[in-house]
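Secondary and tertiary structure notes
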Amino acid sequence: MAKLQTLKSGVPMLDTKRVQTIQAGSWRTSDQTSAQRGYGYKWQQARAQFLREHPLCVMCEAVGRVEAATVVDHITPHRGDQSLFWRRSNWQSLCSTHHSRDKQRAEQRM
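Here's what I pulled together on the structure shown here. For clarity, every value in this text was computed on a predicted model and none was experimentally measured.

**Points about the nonpolar core**
Counting 8 residues, the largest nonpolar core is built from Trp 43, Ala 46, Phe 50, Leu 51, Ala 69, Val 72, Phe 85 and Trp 91. If you tally residues by element for this core, the top one is helix α1 (residues 41-53), at 4 residues.

As structure tokens, this is what we get:
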């Protein structure tokens, strides 16, 4: 039986810490940590409570699917506005697919 040889990848590795797919000028492009932008312990607690109260993805529900939500999304992007950030009426539960794909596409069109 022939011994398999491991080949080195010809694809360069990206420094994922520095890759920014966010639009230029976004409040997210600052060097602040997520906790400094408001996503610290207080947010994690509020997020967990909201997901307990709203466990299903609202976008999946809209098309008749039942999918567990894993993300609390800000309906209107808060762009660093802490009043809008904490306004629960501006929150919705989404599955990771809808948050990562569909919601991001919609925000890029804004």
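**Focus on the environment of Gln 82**
By the secondary structure assignment, Gln 82 is in helix α3 (residues 82-86). Given a relative accessible area of 35%, Gln 82 falls into the partly exposed group. Taking C-alpha positions, Gln 82 is 7.7 Å from Gly 38, a pair spaced 44 residues apart along the chain. Sequence-distant contacts of Gln 82, that is, excluding residues within four places in its chain, are made with Arg 37 and Gly 38.

**So, the side chain of His 74**
Along the polypeptide, His 74 turns up in strand β1 (residues 71-74). Classification of His 74 by relative accessible area gives buried; the value is 6%. A polar atom in the side chain of His 74 sits 3.0 Å from the backbone oxygen of Phe 85.

**Side note on the pattern of salt bridges**
Summed over all chains, the structure comprises 2 salt bridges. Note that Arg 88 and Glu 53 form a salt bridge whose closest N and O atoms lie 2.6 Å from each other. Pair noted here: Arg 88 is in the loop between α3 and β2 (91-94) and Glu 53 is in helix α1, with a separation of 35 residues, a long-range link. Residue Arg 88 is classed as partly exposed on the basis of its relative accessible area, which comes to 37%. A salt bridge links Arg 65 to Glu 67, with the nearest nitrogen and oxygen atoms 3.2 Å apart. Using a relative accessible area of 44% as the deciding quantity, one classes Arg 65 as partly exposed. Using a relative accessible area of 31% as the deciding quantity, one classes Glu 67 as partly exposed.

Cut-off values and rules
Residues numbered from 1 in each chain as written. Predicted model: local features only at pLDDT ≥ 70, side-chain atom pairs only at ≥ 80, totals over all residues. Heavy atoms only, no water. Core = buried A, V, L, I, M, F, W, Y, C linked by side-chain atoms within 4.5 Å. Buried < 20%, exposed > 50% of the residue type's maximum accessible area, 1.4 Å probe, protein only. Helix = DSSP H or I, 4+ residues; strand = E, 2+ residues; numbered from the N terminus. Contact = heavy atoms within 4.5 Å. Polar contact = N/O pair within 3.5 Å; in protein donor to acceptor, adjacent residues only side chain to side chain. Salt bridge = Lys/Arg side-chain N within 4 Å of Asp/Glu carboxyl O.

Purely geometric stuff here, so don't read any function into it on its own.
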